[in-house]
Amino acid sequence: MPGCTTYRRFCGIRPRGVALVAVLALLTIITLLAIMFVVLVEIERLASNQTLAGMQARLMALSAHEHALAILACDTGEAPGCTHPGQAWHTVFSSSRRRNGGEPVLGSNGRTNDAGGFAEARWFTIRNSAGVLVGRYAVIIEDEAAKLNINVASATGTNGQNQGVSTTELLLADGVSRGLPLGVSSAQRIVDARYGADRKPGIASRDDNFNAAESIGDETDNDADGIVDEQDEGTDEPGEFAADRPQGDDRPFFSVLDLASLGLPELRAQPALMRQLSTIATTR
Ligand SMILES: [Ca+2]
Ligand SMILES: [Ca+2]
Ligand SMILES: [Ca+2]
Ligand SMILES: [Ca+2]
């Protein structure tokens, strides 16, 4: 019929190649689905490996913890009341490349060797029943109780120390030779950072630890300001800052490394000072 060559579909004749296009489209969709499936499987595999590695690392850490507890328990029984670096708590975990051929482990503070020539720690390897190495751990025991707690010490310069009523009277820095190797203004910035925007421990003008009534009549200088039993002695005193229960805008330090965020001039001038601070200060 005239015109059917140009308008075949109007003449009841199906155009050629439609089936081929449909098959190609179907194959493309199937290919994309297959690629997505492979990608998802790979992601699942990586996630599983990550979870497994995390569990293994946690078990290694638990092994190290139990090892340390066992050594400390032995130490307690061997020499009650006596502690020195020659005891097991120090020698078992510390070593040197020269002595055991192992790789020494630097401390969390980056320290290398102590005065005794020992590295901070050494690796203990863990192998499975077939003798294959599955992990390793190192232990560093540090006496946190002997460090200055920057969440507690509140005295700066010659201020804040009077009757020794609480540990808040510990000297943070005097700018000369006592406390942390910082100036008085830096020590005050540490205290101010803890107290938040209101610059007061706890919530400003509130007796956060409920001792105001007692403090104004106990014949004690509770806030270590040199005045005994003044009218507002029990309010906004250093003892109202509690690192484990911060009130209001208070912000305790979670790590000594947090001091870097304060922009202290001493740390800007001597970046290595942070390492020293980590050996003498703590937040726990
Ligand atoms: Ca505050
Ligand atoms: Ca008082
Ligand atoms: Ca006072
Ligand atoms: Ca109070």
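Please read all numbers here as calculations on a predicted model, not as lab measurements.

(A) Examining the overall build of the chain more closely. The helix and strand tally for the chain stands at 7 helices and 8 strands. Out of the 284 residues in the chain, the part that is buried amounts to 21%.

(B) Geometry of unusual backbone geometry. Phi angles above zero are rare outside glycine, and Ser205 is one such case at about 65°. With respect to the secondary-structure elements, Ser205 resides in the loop between helix H4 (184-195) and helix H5 (212-215). Take Ser205: there are 10 C-beta atoms within 10 Å of it, and that puts it in the exposed class. For Asp229, which is not glycine, the phi dihedral falls at a positive 55°. Structurally, Asp229 is set in the loop between H5 and helix H6 (265-269).

(C) Highlighting the confidence of the model for the chain. Looking at the chain as a whole, the pLDDT averages 85, with 86% of positions reaching at least 70. Below pLDDT 50 for its whole length, residues 97-101 participates in 6 contacts with residues either more than four positions away or in separate chains. Counted against residues more than four places away or in other chains, residues 106-117, with its pLDDT under 50, gives 17 contacts.

(D) Local environment of the pairing of strand E4 (residues 133-137). In this sheet, E4 lies alongside strand E3 (residues 124-127) in antiparallel orientation, the contact comprising 4 bridges. By the bridge assignment, Phe124 is partnered in E4 with Tyr137. Turn length for the E3-E4 hairpin, with the two strands adjacent in sequence and antiparallel, is 5 residues, and the turn residue Gly131 shows positive phi of about 85°.

(E) Up close: helix H1 (residues 18-78). Here H1 is 61 residues long and its end C-alpha atoms lie 90 Å apart, about the 90 Å a rise of 1.5 Å per residue gives. With 0 of its 61 residues buried, H1 lies for the most part at the surface.

(F) View of the nonpolar core. Counting 19 residues, the largest nonpolar core has Ile150, Leu172, Leu180, Ala187 and Ile190 as the members making the most contacts within it. Residue assignment for this core shows that the elements contributing at least two residues are strand E7 (171-173) and H4. Tallying contributions element by element places H4 first for this core, with 4 residues. If sequence neighbours within four positions are ignored, Leu172 has contacts with Ile150, Ala153, Ser154, Ala155, Thr156, Gly179, Leu180, Ala187, Ile190 and Val191.

(G) Region of interest: the environment of Thr279. For Thr279, the location among the structural elements is in helix H7 (residues 273-280). In this structure the C-alpha to C-alpha distance between Thr279 and Asp143, which are 136 residues apart in sequence, comes to 9.7 Å.

(H) Quick peek at H4. With 12 residues, H4 should cover 16 Å at 1.5 Å per step; its first-to-last C-alpha distance of 17 Å lies within 8% of that length. Regarding H4, the residues found buried are Ser186, Ala187, Ile190, Val191, Arg194 and Tyr195. For H4, the secondary structure elements touched by its buried residues are strand E6 (155-156), E7 and H6. Downstream of H4 by one or two residues, Gly196 has phi in the positive range, about 80°.

Quick notes on the rules
Residues numbered from 1 in each chain as written. Chains lettered and ligands numbered in written order. Predicted model: local features only at pLDDT ≥ 70, side-chain atom pairs only at ≥ 80, totals over all residues. Helix = DSSP H or I, 4+ residues; strand = E, 2+ residues; numbered from the N terminus. Buried ≥ 20, exposed ≤ 12 C-beta atoms within 10 Å, placed from the backbone. pLDDT = per-residue confidence, 0-100. Contact = placed C-beta atoms within 7 Å. Pairing = 2+ DSSP bridges. Expected span 1.5 Å × (residues − 1). Core = buried A, V, L, I, M, F, W, Y, C linked by C-beta atoms within 7 Å.

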